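Breakdown of the fold
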Amino acid sequence: MADDDQPLEPFWQRGLVAARAALRCRARSKRTKLRCRAPALTGWQVCRFHGARGGAPCGKANGAFRHGRRTKAVVEARQAVKRRWKENRAQLKAIADRLTAGAAAEFPVANLTRPRKPQTG
Ligand SMILES: [Zn+2]
C-alpha cells in the first residue's frame, strides 16, 4: 500500500542505520573476554556503562569550586607565564654571557683578583 511519495522503509529504520554505524565501545568483558559492542557516546571511546561522562563536573558545577584560582585554564595560563619567564631569564643570561665574553676579549686583564697582602714573618 506504499504511495510514490512515501519512502520504502519506515522513518525509524533510517535512524537505526545511523545508530548501527556509530563507534563501538572499546571495553572488554572480564567474564566473557569479548568486546562490549554497545555504541560509544559522542566524544568518547566507551559506552555509558563503561565510564563515559564519568567523574565530577568541572568548574563552578563542581561542589569543591571556591574561587577559580585552580581551574585548568588558570593553572595552564600561570604555567605559560612561568615558562615564558624561564625562557626570558635564559635569553638574558646568554646575552650577558656574550657581553662579558666580548668585554674580556676587548679588555684583557691578567688578574682581576685582589692583590695579596704581603706575607710577614
Ligand atoms: Zn561498553
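Up top you'll find the structure we're talking about.
My aim in this report is to walk through the structure given alongside it, one point at a time. As the structure is a prediction and not an experimental result, all values here were calculated from the model. (Residues numbered from 1 in each chain as written. Predicted model: local features only at pLDDT ≥ 70, side-chain atom pairs only at ≥ 80, totals over all residues.)

**Observations concerning the overall build of the protein**
Scanning the protein for helices and strands turns up 2 helices and 0 strands. For the protein, with 121 residues in total, the buried portion stands at 2%. In the protein, the proportion of contacts linking residues at least 24 apart, taken out of those at least 6 apart, comes to 2%. (Helix = DSSP H or I, 4+ residues; strand = E, 2+ residues; numbered from the N terminus. Buried ≥ 20, exposed ≤ 12 C-beta atoms within 10 Å, placed from the backbone. Contact = placed C-beta atoms within 7 Å.)

**Some words on helix H2 (residues 72-106)**
Taking 1.5 Å per residue as the helical rise, H2 with its 35 residues ought to reach 51 Å, and the 51 Å between its terminal C-alpha atoms agrees with that figure. Here H2 lies mainly on the outside; 0 of its 35 residues are buried. (Expected span 1.5 Å × (residues − 1).)

**Overview of the environment of Gly43**
Among the structural elements, Gly43 can be located in the loop between helix H1 (11-20) and H2. Remark: the alpha-carbon pair of Gly43 and Arg53, spanning 10 residues in sequence, is separated by 9.5 Å.

Remember that the coordinates give geometry; whether it matters functionally is a separate question.
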